[in-house]
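Summary of structural features
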Amino acid sequence: MNFAFYNPTHLIFGAGTLSQLGALVSEQGTKALVVTGGGSVKRSDTFDRAAASLKSAGIAFAECDGVEPNPRISTVRRGVQIARDQGCDVIIALGGGSTMDAAKVMAAAFYYDGDPWDMILHGQPKPYIPTRALPIVTVPTLAATGSEMNMGAVISNEETREKSFVLAACLYPRVALADPELTMSVPKDQTAYGVCDLITHVTEAYFNGVDGTPIQDRFAEGVILTAMEWGPKAIADGKDLEARSQVQWASIVALNGWVNAGTNGGYPVHMIEHTLSAYHDITHAAGLSVINPSWMRFAAKHRPRKFVQFAQRIFGLAGKGADDLDCALQGIDRFECFLREIGCPTRLSELHIDDTLLTRYAQDTLRIIHDENGHLPGRPAMTEADIVAVLKAAL
């Protein structure tokens, strides 16, 4: 392994910590733009409690609400304009992963005179990589994406039907305030999607990373096992604070860089799903839960050894050897069964997606991201035909 690890985000984790928001924000600025999603934070008492904490600390704030589940670049543009017009000097993301991603790009676009879409990698020759952003404070209300403690953001362009990402050090939140109590009102389906999302973050690097990472493997397996143990408990009883806490911590660790350090893995499942949700506006994790098992079966045939390890360590299966493909496929079947049991879809037909545009999805995915050979990065790297085959197998 040869790598650098860096994460400057100050994490505050624990039930009841929302009351600290005002004091934490006062260290970053004097007027905040509070970015929220579809309204759940206002239907609960979360927004009011956050506002009270800000007011008690003397923090004025403006609002940008209505961030979509697949956040749109038009919403980012609207938020930037509000921040400029209102003289905001700090941004608070109060919501799920989409809200946090939109807030991050708003923070960077505040200092950029061009179109924020220039920052999002979508096949352009020279993407604009931001180096400066307003201070960001994330307050997640959903355990899923891990966006509260990393430097990435995913944004959709509704006009061009593209969805992709930006990675930049300036997008690291200054503070992540993770209060598991805020996730207790999340409905069963969204809780299940969060469990799938965080597991997929881990399996991407686990299966696509470099060899010789035994410590990272054990970290990854620990996160997966924890999510599989506590996720169903959080789904069954949304008020189970212990279960909510364990799932939220798992979601943070899954994508704050620690589990994946040194793996240098590709994210082919995410890249394919981004294209599907750009076209169909499906829930991100619902797409992942369909594509990931199908991709795993494809990849296992090329590299069964890691999938055998997964089957043995996660499901306790006994293989006949390190390259026992039957054992690997049994493990994938068990994983898909778990996703189905917690309420996630496992077929594209469940998402009302048919075989009409499979080739278009593959082409668009490769246009946005590809290696020097024109293939989708991963182990193995995928051709257009490979992507189509995975999608067909998921129908």
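What you see is a predicted model; the values in this text were computed from it and never measured.

Procedures and definitions
- Residues numbered from 1 in each chain as written.
- Predicted model: local features only at pLDDT ≥ 70, side-chain atom pairs only at ≥ 80, totals over all residues.
- Heavy atoms only, no water.
- Salt bridge = Lys/Arg side-chain N within 4 Å of Asp/Glu carboxyl O.
- Helix = DSSP H or I, 4+ residues; strand = E, 2+ residues; numbered from the N terminus.
- Buried < 20%, exposed > 50% of the residue type's maximum accessible area, 1.4 Å probe, protein only.
- Contact = heavy atoms within 4.5 Å.
- Axes fitted to C-alpha atoms, helices over the stretch in contact; angles between N-to-C directions.
- Parallel < 35°, antiparallel > 145°, perpendicular 65-115°, else oblique.
- Left-handed = near helix turned anticlockwise from the far one by under 90°.
- Nonpolar A, V, L, I, M, F, W, Y, C, P; charged D, E, K, R; others polar.
- Pairing = 2+ DSSP bridges.

Some remarks on the pattern of salt bridges
Pairing between side chains of opposite charge can happen when their charged atoms approach one another. Applying the stated criterion across every chain yields a total of 17 salt bridges. With its nearest N and O atoms 2.6 Å apart, the salt bridge here joins Glu 63 to Lys 42. Linking Glu 63 in strand β3 (residues 60-64) with Lys 42 in helix α2 (residues 40-43), this pair joins segments that are 21 residues apart in sequence. On the basis of relative accessible area, Glu 63 is assigned to the partly exposed category, the value being 33%. With relative accessibility at 41%, the residue Lys 42 sits in the partly exposed group. Of the charged contacts, one joins Glu 229 and Lys 233 as a salt bridge, the two residues approaching to 3.9 Å between their closest N and O atoms. Taken together, the residues Glu 229 and Lys 233, both in helix α7 (residues 214-236) and four residues apart, mark about one turn of the helix.

As for the environment of His 375
Topologically, His 375 is positioned in the loop between α13 (358-368) and α14 (384-393). Sequence spacing of His 375 and Ala 299 is 76 residues, and the spatial spacing of their C-alpha atoms is 14 Å. Once residues within four sequence positions are removed from consideration, His 375 is found in contact with Leu 366, His 370, Ala 381, Met 382 and Thr 383.

Regarding the packing of helix α10 (residues 284-302) against α14
Interaxial distance between α10 and α14 falls to 9 Å at its minimum, and their mutual angle equals 125°. One way to sum up the angle between α10 and α14 is to call them oblique. The hand of the α10/α14 crossing is right-handed. Within the contact between the two elements, α10 uses Ile 291, Ser 294, Trp 295 and Phe 298 and α14 uses Asp 386, Val 390 and Ala 393. Considering only residue class, the contact of α10 with α14 consists of five nonpolar, one polar and one charged.

Some details on the sheet that holds β3
Note on sheets: strands pair through backbone hydrogen bonds, and any given pair is parallel or antiparallel. With parallel pairing, six strands are arranged side by side in an open sheet as β1-β8-β5-β4-β2-β3. The open sheet has two edge strands, β1 (10-13) and β3, and neither has a second partner. Each strand axis lies, on average, 20° off the axis of its neighbour in the sheet, ignoring direction. Sheet analysis places strand β2 (residues 31-35) next to strand β4 (residues 90-95), joined by four bridges and oriented parallel.

Section: the environment of Ile 235
You can see Ile 235 is positioned in helix α7. Owing to a relative accessible area of 11%, Ile 235 belongs among the buried residues under this scheme. With 216 residues separating them in the primary sequence, Ile 235 and Ser 19 have C-alpha atoms 26 Å apart. Residues in contact with Ile 235, not counting those within four places in the same chain, are Lys 188, Thr 191, Ala 192 and Ile 342.

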